[in-house]
Amino acid sequence: MDPDPSEGTVTISTFSNNVGLLRKCSTVSNRSIKMATGIPSYKVILHGEYGVGKSSIFRRFMNNSFTEATGKASTIGLDQCTRTINLPSQTVKLTLWDTGGMERMSFIGSSYYRGAHAALLCYSVNNKDTFSILSQYILDVVMNAEGAKIFLCGNMTDQVSSEGSANVVTDADLEQFMSQCQDVLSGVYRVSCKDCIGLEDMFYDMAKVLHQSSVSRMTLRRDMIRPGDTPEREVVSDKRRCC
Amino acid sequence: MDDTYDVIVMGTGLKECILSGMLSVSGKKVLHLDRNAYYGGESASLTPLDQVYQHFGKPVVGDKYGRGRDWNVDLIPKFLMANGQLVKLLIHTGVTRYLEFKSVDGSYVYKGGKIYKVPADEKEALASSLMGIFEKRRFKNFLQFVQDFDINDPKTWKGVEPTVPAKQLYEKFGLDANTQDFTGHALALFRNDKYMTEPCTQLVKKCRLYSDSLARYGKSPYLYPLYGLGELPQGFARLSAIYGGTYMLDKPIDHIVMEDGHVVGVSDGKDTAKCSIVVCDPTYAKDRCKKVGQVVRAICILNHPIENTKDAQSVQIIIPQNQVNRNDDIYVCMVSSAHNVCAKNYYLAIVATTVETNNPEAELQPGLDLLGPIEEKFVSVVDLFVPSDDGKESKIFISKSYDATTHFETTCDDVLDIFKRITGEDFDFSKVKHTDVEAVGE
């Protein structure tokens, strides 16, 4: 929906300027800057209880790795990661954001949600508490990231021992939950980060759903500035004064 | 809470969050606490609008001014200089990737009861009625001098010793009192006229910052983040968390635990978290601060843009002190739904100045008069505190209150100074390494 302004190949020519207050308005340079275009990019935030494996999903997304380490230390350093996904109609980019472990003792803060196109709500299939609390997370997403699509992901399917265990999230639980909030869920997945099952399909499906829903309401935000990666106005010594 | 940390940071204001981020990146084990349930402290953006009404003890209004949760109201108004220190910090720490900014539409200056656009390029300067045609020539020569000036190259000094006072520099270029006012306050952004007797290099440096900032993105030298300034502390908090910092909000803090004259921990009344260094804002260590003045601010809800600004969606207006017979300038900052801080068709203006009299609110009047009809007004008078010592012995490092300036330059000076006092060295930006890689496609 909001292509990264630093991406792409549409070029526009800009005015060349002398520095700041002294600059001329009347000369046009040949230099062109890259502007918003082409590859649609979607921000997806990971969300869910501490310890359900959000960072494991992030690692699989980032470089298809897995670590047995758990706890806060295993999350340190994980920030955000962008991947290109080739859909039949179009190549798109998914940027996945990890929480940085901030949910462990505190609140994540509204800033995390800004501009998110989707939230991937994660729970552990063998810990019902992490599943039951998701309605609260859905509320957070709806309040803070208006219009974001919501996807549901049950992780740790490799650890389900017996369906009879009281703490396992059963198909019946899932169905009941989905019927309660069917309008808000755009996709439901079950994965195992350890055995690497279902992850690639999930990323691909999310990209597909996000892209389909955005095609009709494509908007360009040309005035957005991100210091450091937005092209700046060119500053040159002006040799072609004409007034 | 009963763990051991290298540093405990209290308060999640912008300064504390930047420091928390820098300390985590430098390998320190950081615990970051806030007594409030939200990030930002004094530099938060309050949302929804009812939170603003509650903050000022007024009855809530719900969706009276458009949808309440479309509002993100800053308590302290500031803009970022596009080439200033905060932007450099954002880029070098990578925090810029968490945020989005837009340019501020225009910058205006008050002269003789009217406001004039500060010219953004030569064409605007030629057309401006801010000064006469001969004065423009003299002013242009002055700007050229400022642009060429290089402290390391005496040839560029044009016979002006860097030590001469700013006043003398103006006189050399024959600038009249109005142009001096305009240059010192609307370009160099000095808050009062003390700079006139100080070495002119400060004036040159600050004019250059304005000019270089203007050159970066065009319309004005200022940037402002979407969703309000409260996004900034959150961005730096994320940096800290990603480098291992632990966050606890909504945490009442009882007292700082001291031993032999230096800090050893922080207690919530029950448990004590141990640490050898504390960083906090003045509200967490009032007994170690002194009051140095007051700032008065009026947050105003408007249902129209400010007159004579060509319906700009975001502006700054500076009222130089001489124009209204004061010692300190009055600042007006206005933002709108263009920066996602108000509901559509509403505008948020903040008028602020340093308190000089016993009737602070009346001091804002020249600024309030420029706004036209005001729907709602929230006035606050806040004390400015500075730490009474440099923290080197107590190991409690306290930030200064946010002053009346409309940009973040003094904020960053304080942050970098505190970092140096804590660690004994300047921050090493090369330690920032993110996982923000472009993964290989399928």
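Residues numbered from 1 in each chain as written. Chains lettered and ligands numbered in written order. Predicted model: local features only at pLDDT ≥ 70, side-chain atom pairs only at ≥ 80, totals over all residues. Heavy atoms only, no water.

### Some words on the pattern of salt bridges
All names here are of chain B. Test applied: Salt bridges are identified by distance alone: a Lys or Arg side-chain nitrogen within 4 Å of an Asp or Glu carboxyl oxygen. Helix and strand definitions here come from DSSP, where helices need a minimum of 4 consecutive H or I residues and strands a minimum of 2 consecutive E residues; each element is numbered from the N-terminal end. Only protein chains enter the accessibility calculation, which uses a 1.4 Å probe; a residue whose area is less than 20% of its type maximum is buried, one above 50% is exposed, and one in between is partly exposed.
Scanning the entire structure with this criterion turns up 24 salt bridges over all chains. Ionic pairing is found between Lys 377 and Glu 361, a salt bridge with its closest N-O pair at 3.2 Å. Note that Lys 377 is positioned in strand β19 (residues 376–387) and Glu 361 in helix α10 (residues 360–363), a separation of 16 residues in sequence. A relative accessible area of 28% means that Lys 377 is categorised as partly exposed.

### A short note on the confidence of the model for chain A
All names here are of chain A. Rule in force here: Think of pLDDT as the predictor's per-residue confidence, scored from 0 to 100. The contact criterion used throughout is that any non-hydrogen atoms of two residues lie within 4.5 Å.
Here chain A averages 78 in pLDDT, and 74% of its residues register 70 or above. In the model, residues 1–21 has pLDDT below 50 throughout and makes 83 contacts with residues more than four positions away in sequence or in other chains. Low pLDDT, under 50, characterises residues 235–243; the stretch is placed with 18 contacts to residues that sit more than four places away or in other chains.

### What about the packing of helix α7 (residues 177–187) of chain B against helix α8 (residues 200–217) of chain B?
All names here are of chain B. For clarity, the threshold we go by: To obtain each axis, a line is fitted to C-alpha atoms, and for helices this fit is confined to the stretch in contact; angles are then taken between N-to-C directions over 0 to 180 degrees. Handedness of a helix crossing follows the sense of rotation of the near helix relative to the far helix, less than a right angle counterclockwise being left-handed and clockwise being right-handed.
Where α7 contacts α8, the two axes come as close as 9 Å, and the packing angle between them is 65°. Of the two possible hands of crossing, α7 and α8 adopt the one that is left-handed. Contacts from Thr 183, Gly 184, Ala 186 and Leu 187 in α7 reach Leu 203, Lys 206, Cys 207 and Tyr 210 in α8.

### A closer look at the interface of chain A and chain B
For clarity, the threshold we go by: Buried area counts how much accessible surface, traced with a 1.4 Å probe, disappears from two parts once they are put together, with both parts' losses summed. Two N or O atoms count as a polar contact when they lie within 3.5 Å, although within protein this holds only if one can serve as hydrogen donor and the other as acceptor, and sequence-adjacent residues are included solely when both atoms are side-chain atoms. When residues are grouped by polarity, Ala, Val, Leu, Ile, Met, Phe, Trp, Tyr, Cys and Pro land in nonpolar, Asp, Glu, Lys and Arg in charged, and all others, Gly among them, in polar.
Each partner contributes residues to the interface: chain A has 56 residues there, and chain B has 59 residues. Each partner contributes to the roughly 5,200 Å² buried at the junction of chain A and chain B, and carbon and sulfur atoms together form 53% of this total. Our count for the chain A to chain B interface comes out at 4 salt bridges. Joining chain A to chain B, the criterion identifies 16 residue pairs in polar contact (both at pLDDT 80 or more). Counting residues per element, the ones that place at least two in the side of chain A that touches chain B are α1 (54–63), β4 (80–86), β5 (91–97), α3 (134–144) and α5 (199–215) of chain A. Broken down by element, the side of chain A that touches chain B gets its largest block of residues, 7 residues, from β4 of chain A. Looking at side-chain class alone, the side of chain A that touches chain B contains 25 nonpolar, 15 polar and 16 charged residues.

### Some remarks on helix α4 (residues 171–180) of chain A
Residues and elements named next belong to chain A. Rules: To obtain the arc, one takes the directions from the helix axis to the C-beta atoms.
Within the sequence span of α4, burial applies to Asp 173, Leu 174 and Phe 177. Viewed end-on, α4 has its buried residues packed into an arc of 95°, placing them on one side of the element. Exposed residues pointing more than 90 degrees away from the buried face of α4 are listed as Ala 172 and Glu 175. As for α4, its buried residues are in contact with β6 (118–124), α2 (128–132), α3, β7 (149–155) and β8 (185–190).

### Considerations on the domain arrangement of chain B
Residue and element names in this part refer to chain B. For the record, the criterion: For every domain, the bounds stem from an assignment made automatically or drawn from a database.
Per the domain assignment, the segments of chain B are domain 1 (4–43 + 230–290 + 386–423), domain 2 (57–105 + 293–384) and domain 3 (118–217). Its C-alpha centre places domain 2 at a distance of 26 Å from the equivalent point of domain 3. Taken together, the contact pairs 17 residues of domain 2 with 15 residues of domain 3. Across the domain 2 to domain 3 interface the summed buried area is about 1,300 Å²; carbon plus sulfur atoms make up 50%. Area buried by domain 2 at its contact with domain 3 is led by Met 81, Ala 82 and Asn 83, which between them contribute 35% of it. At the boundary of domain 2 with domain 3, the tally comes to 0 salt bridges. Run the count over domain 2 and domain 3 and you get 12 residue pairs in polar contact (both at pLDDT 80 or more). Breaking the side of domain 2 that touches domain 3 down by element, the ones donating at least two residues are α3 (85–93) and β16 (315–319). For the side of domain 2 that touches domain 3, a count of residues per class yields 7 nonpolar, 8 polar and 2 charged.

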